[in-house]
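Topology and contacts: notes
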Amino acid sequence: QVQLVESGGGLVQAGGSLRLSCAASGRTKNRYTMAWFRQAPGKEREFVAAIDWSGVNTHYVDSVKGRFTISRDNAKNAVSLQMTRLKREDTAVYYCAARAGPNSVFEGSYDYWGPGTQVTVSS
């Protein structure tokens, strides 16, 4: 079992940057794929980015390509999401997720989830 806790959320202005972090604990020896999802009020949870255990294979939803960067530090059991050029549409609760398998965009394929961290982008 893996426990995930996000941090780094907050209020930023449009065009600004924010870095989210996710710390994993528990059974972290497996080569988990890590991902970020987000959910705005009244909307479905949306895939944002994923990174496999090696850090080589990454995938992003089209709306964040070129603006967000996912990375991981396996030695620290952590994954980050560097967000730049933030837009109001990026406002959401961001969730860290993990699965024992390859990159996936499907929410249901992830077994472990953090409680989320709020990101609010204002103009």
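Below or above, wherever it landed, is the structure these notes cover.

The rules we used
- Residues numbered from 1 in each chain as written.
- Predicted model: local features only at pLDDT ≥ 70, side-chain atom pairs only at ≥ 80, totals over all residues.
- Heavy atoms only, no water.
- Helix = DSSP H or I, 4+ residues; strand = E, 2+ residues; numbered from the N terminus.
- Polar contact = N/O pair within 3.5 Å; in protein donor to acceptor, adjacent residues only side chain to side chain.
- Contact = heavy atoms within 4.5 Å.
- Core = buried A, V, L, I, M, F, W, Y, C linked by side-chain atoms within 4.5 Å.
- Buried < 20%, exposed > 50% of the residue type's maximum accessible area, 1.4 Å probe, protein only.
- Salt bridge = Lys/Arg side-chain N within 4 Å of Asp/Glu carboxyl O.
- Disulfide = S-S within 2.5 Å.
- Pairing = 2+ DSSP bridges.

What to know about the side chain of Asp90
Along the chain, Asp90 turns up in the loop between β8 (78–83) and β9 (92–99). Polar side-chain contacts of Asp90 include one of 2.8 Å to the backbone nitrogen of Lys87. In this view, Asp90 contacts Arg38, Arg67, Phe68, Arg85, Val119 and Val121; residues no more than four positions away in its chain are not counted.

A word on the nonpolar core
Residues Leu4, Met34, Trp36, Leu81, Met83 and Tyr94 are the most contacted members of the largest nonpolar core, which totals 36 residues. Those elements that provide at least two residues to this core are β1 (2–7), β3 (18–26), β4 (33–39), β5 (46–51), β7 (68–73), β8, β9 and β11 (117–122). Discounting chain neighbours no more than four positions away, the residues touching Tyr94 are Glu6, Leu20, Trp36, Phe37, Arg38, Val48, Phe68, Leu81, Met83, Gly116, Thr117 and Val119.

Looking at the side chain of Thr117
Relative to the elements of secondary structure, Thr117 occurs in strand β11. In contact with Thr117, not counting residues within four places along its chain, are Glu6, Ser7, Gly8, Gly9, Leu20, Ala92, Val93 and Tyr94.

Considerations on the pattern of salt bridges
One pass over the structure, following the stated rule, counts five salt bridges. The salt bridge partner of Glu46 is Arg38, with a shortest N-O separation of 2.8 Å. The partner of Glu107 in a salt bridge is Arg45, with the nearest N and O atoms 3.7 Å apart. Of this pair, Glu107 sits in the loop between β9 and β10 (112–113) while Arg45 sits in the loop between β4 and β5, and the two are 62 residues apart along the sequence. In this structure Glu107 comes out as partly exposed when scored by relative accessible area, which is 36%. The partly exposed category is assigned to Arg45, whose relative accessible area is 24%. Each of Arg38, Glu46, Arg67 and Asp90 takes part in salt bridges that share partners, so that together they form one network.

Topic: the state of the cysteines
Inspection of the entire model under this criterion finds one disulfide. Each disulfide pairs two cysteine sulfurs, and for Cys22 the partner residue is Cys96, the sulfurs being separated by 2.1 Å. Here the S-S torsion is close to -85°, and the disulfide linking Cys22 with Cys96 is therefore left-handed. Linking Cys22 in strand β3 with Cys96 in strand β9, this pair joins segments that are 74 residues apart in sequence. The buried category is assigned to Cys22, whose relative accessible area is 1%.

Considering the pairing of β4
Within β4, six of the seven residues are buried, leaving the element largely enclosed by the surrounding structure. Pairing of β4 with β9, which is carried by seven bridges, proceeds in the antiparallel orientation. By the bridge assignment for β9, Thr33 is matched with Arg99. Connecting the antiparallel pair β4 and β5 is a turn made up of six residues, with Gly42 showing a positive phi of about 80°.

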